[in-house]
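Chains, contacts and geometry: an overview
Here is how the chains run, residue by residue.
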Amino acid sequence: MAYAILRKEDLNPQIFLMEIHAPAVAKKAEPGQFIILRIDEYGERVPFTIADFDREKGSVTIIVQAVGKTTKDLSKLEAGDTVLDFAGPLGMPTPLENLKKVAVIGGGLGTAIAYPQAKKLKALGAEVTVIAGFRSTDFIILQDEMQAVSDKLIITTDDGSNGIQGFVTDRLKEELEAGEKYDEVIAIGPLMMMRAVCKLTEQHGIPTTVSMNPVMIDGTGMCGGCRVIVGGETKFACVDGPDFDGFLVDFDEVEFSNLTRSILFCSDDATKHRYKVETAAESIKKINPNINVTTIVGDISYQVGLGLIRKMNAVVGCLDNRWARYSLNRLCMRAGVPWVDGGINALEGVAKVFIPGKNCYACTLEPSALEELKKRTSCAVAIKRNEA
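As the structure is a prediction and not an experimental result, all values here were calculated from the model.

**Thoughts on the layout of surface pockets**
Counted as a void, the second largest pocket has a volume near 220 Å³. Only β1 (3–10), β2 (15–21), β4 (46–54), β5 (59–65), α3 (110–123) and α4 (143–148) provide two or more residues apiece to the lining of the second largest pocket. With 3 residues, α4 is the single largest residue contributor to the lining of the second largest pocket. The class makeup of the residues in the lining of the second largest pocket is 6 nonpolar, 2 polar and 6 charged.

**A word on the pairing of strand β13 (residues 227–230)**
For β13 and strand β14 (residues 233–236), the ladder comprises 4 bridges, and the chain directions are antiparallel. When the sheet's bridge partners are listed, V228 is paired in β14 with K235. Hairpin geometry of β13 and β14 is characterised by an intervening segment of 2 residues between the two adjacent antiparallel strands and by a positive phi of about 60 degrees at G231.

**Points about the sheet that holds β4**
Here 7 strands make up an open sheet; going across it, the order is β6-β1-β2-β5-β4-β3-β7 and the pairing antiparallel. The open sheet has two edge strands, β6 (82–83) and β7 (85–90), and neither has a second partner. Strand direction decides the pairing type here: β1 and β6, joined by 2 bridges, are antiparallel. By the bridge assignment, A4 is partnered in β6 with T82. Helix-sheet contacts for α3 involve β4 and β5, and the interaxial angle to β4 is about 35 degrees.

**Some thoughts on the sheet that holds strand β11 (residues 184–188)**
If you walk across this open sheet you meet the 6 strands as β10-β9-β8-β11-β12-β15, and the pairing is mixed. At either end of the open sheet lies a strand with only one pairing partner, and these are β10 (152–157) and β15 (243–245). Strand-to-strand twist of the sheet, defined as the mean angle between neighbouring strand axes without regard to direction, takes the value 20 degrees. Against the sheet, helix α5 (residues 168–177) contacts β8 (101–107), β9 (127–134) and β10, and its axis sits at roughly 150 degrees relative to β9.

**Quick word on the packing of aromatic side chains**
Summed over the entire model, instances satisfying the criterion amount to 1 aromatic pair. With centroids separated by 6.0 Å and ring planes inclined at 40 degrees, the aromatic side chains of Y3 and F86 adopt a geometry described as tilted. Taken together, the residues span a long stretch of sequence, with Y3 in strand β1 and F86 in strand β7 at a distance of 83 residues. For the residue pair Y3 and F86, the accessibility class agrees, reading buried in each case. For K8, the ring lying beneath its charged end belongs to F16, and the centroid distance is 5.4 Å. Its end group placed over the ring of F139, R135 keeps NZ or CZ at 4.1 Å from the ring centre.

The rules we used
Residues numbered from 1 in each chain as written. Predicted model: local features only at pLDDT ≥ 70, side-chain atom pairs only at ≥ 80, totals over all residues. Heavy atoms only, no water. 1 Å grid on protein atoms, 1.4 Å probe; cavity = no way out; pocket = protein on both sides within 12 Å on 5 of 7 lines; lining within 4 Å. Points joined across faces, edges and corners; volume = space filled by probe spheres on them. Helix = DSSP H or I, 4+ residues; strand = E, 2+ residues; numbered from the N terminus. Nonpolar A, V, L, I, M, F, W, Y, C, P; charged D, E, K, R; others polar. Pairing = 2+ DSSP bridges. Contact = heavy atoms within 4.5 Å. Axes fitted to C-alpha atoms, helices over the stretch in contact; angles between N-to-C directions. Phe/Tyr/Trp six-rings, centres within 6.5 Å; stacked < 30°, edge-to-face > 60°. Buried < 20%, exposed > 50% of the residue type's maximum accessible area, 1.4 Å probe, protein only. Lys NZ or Arg CZ within 6 Å of the ring centre and 35° of its normal.

Dropping the structure here:
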């Protein structure tokens, strides 16, 4: 079943809105929930928070920033086109009942997630203050929509180009110091912003909800990629959240998880490489403690799939079988994951200079091999010779 795009609107040069005909999803959608979309049968599964929905029209609205391959491909579609899959609603709705006065904080693209919360609160009769922060006036989105669902709207920018300069926490602090009393604060946006909001509201004893949006693969709690620690317990953002009590979220653990990078090491010669592979993960931890190594030894054809590779930041192969090298290469290209066929030495080279948070690494390959790697890798990768 294909899902028709009813409307597309560019909100700024990087962010666009899509209204998609999905009656079954619209019928049960609530603020705080999300969907998983797949453009076509070859596309990856990508989660998007539900920005709005119309039950009578049978439509669901998502707001997307074009930053990766799938979102850029999605941005090329127009009204009248279709997407193959549109699964949802997923996750738990945000509990908004019985609140009389609420401050909804949105940072950047997080404003698209904060908007449905404010809209529902207003419909429930709550007094709503919306504080939204952006880099500059050029990046402001949903201003008219937020104005319509709030009793007070405060928009601040990093550069002050809209007349108010500073962070959302600065504006929230001003409101609190002016005597405003809130039943709850809802903060949605970058991790550092949500953490700063919680630090401020905790001083005033105001319950605070944050929206955690880590990497998700299946959206049903099976892959475990979206683990967060809440109140000392492991939770999955896709099924237990994505909204949690901000005072209970272990932000230190989340930030460390964001720095942790994963490498898949594949070898098709169990006899020759078994010992090295078994000790590789331990040695890599000594080189870079923020790297997790998953090792696959033997026939990779039935052990390695697209879903596994998409969880990785890099793939290293030590493969004698030409067909295995070709298959792994194609999988990495489809997933947009950099890979190198260079064995244990390449694995150690990747670990030494893998930069957390970026698709950038060096390896011990010869210059000619580096050039070949550049040709075979479909994503932007900066590669330099490892001189260590």
